[in-house]
Amino acid sequence: TTPPRDVDATGKPLTKAGIHGLRKSQFCPAQSVSYANVDPLLVVRGEGARLYDERGRSFLDTRNNVGHCGHSCPAVVKAIASQAAALNTNMRYLHPNHVVLAQKLLAKCPDPLDRVFFVNSGSEANDLALRLARTKTNHEEIICVQHAYHGHTH
């Protein structure tokens, strides 16, 4: 298996070490690379609960947010392709799917939960939770577990 791209934006050949070096020089240090302290994975594909590196080695994916459906799930890939072919936007506009999903979720919620707020990541959810708490309490203080992972937004 070969990496998805074999040259960078300038046409220079890419190696695993080169990709890691560019990542270090071009990304915010808060955006960590898993296993960077030993041998970071150069992931080229995923299937089910497994990731595959440039040498074809298989790894159990314990880091990504796809555990509930897996990588390359045919039903999910088909649904994404179908939706992207029709419309690819966020929730700033009206669309029937938004309210239908909200209705289905709220039907499973106990009283008094009667509102939804859609986000696209755990980082956004954490950010939202902080904003809601600050709005409700008028306080800025929070408790955070040292060395806990809370995403890259705050």
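Reading the values: the criteria
- Residues numbered from 1 in each chain as written.
- Predicted model: local features only at pLDDT ≥ 70, side-chain atom pairs only at ≥ 80, totals over all residues.
- Heavy atoms only, no water.
- Helix = DSSP H or I, 4+ residues; strand = E, 2+ residues; numbered from the N terminus.
- Buried < 20%, exposed > 50% of the residue type's maximum accessible area, 1.4 Å probe, protein only.
- Pairing = 2+ DSSP bridges.

Chemist: Where do I start with the environment of His98 in this structure?
Modeler: Checked against the element boundaries, His98 lands in helix 3 (residues 96–106). Separated by 17 residues in sequence, His98 and Ala81 place their C-alpha atoms 18 Å apart.

Chemist: Help me understand unusual backbone geometry, please; the structure alone is not making it clear to me.
Modeler: For residues besides glycine, phi is generally negative; the peptide bonds are generally trans as well. Asp111 connects to Pro112 through a cis peptide bond whose omega is 10 degrees. In this structure, Pro112 sits in the loop between helix 3 and helix 4 (122–137). The phi dihedral of Ser72 is positive, around 60 degrees, even though this residue is not glycine. If you trace the backbone, Ser72 turns up in the loop between strand 3 (58–60) and helix 2 (74–86). Here Ser72 falls in the partly exposed class, since its relative accessible area comes to 48%. Its identity as a non-glycine residue notwithstanding, Asn138 has a phi of 60 degrees, on the positive side. Along the polypeptide, Asn138 turns up in the segment after helix 4.

Chemist: Teacher, can you tell me more about the pairing of strand 1 (residues 43–47) here?
Modeler: A regular strand carries its side chains on alternate faces of the sheet. Here four bridges tie strand 1 to strand 2 (residues 50–53), and the two strands are oriented antiparallel to one another. By the bridge assignment for strand 2, Glu47 is matched with Arg50. Adjacent in sequence and paired antiparallel, strand 1 and strand 2 are bridged by two residues, among which Gly48 carries a positive phi angle near 60 degrees.

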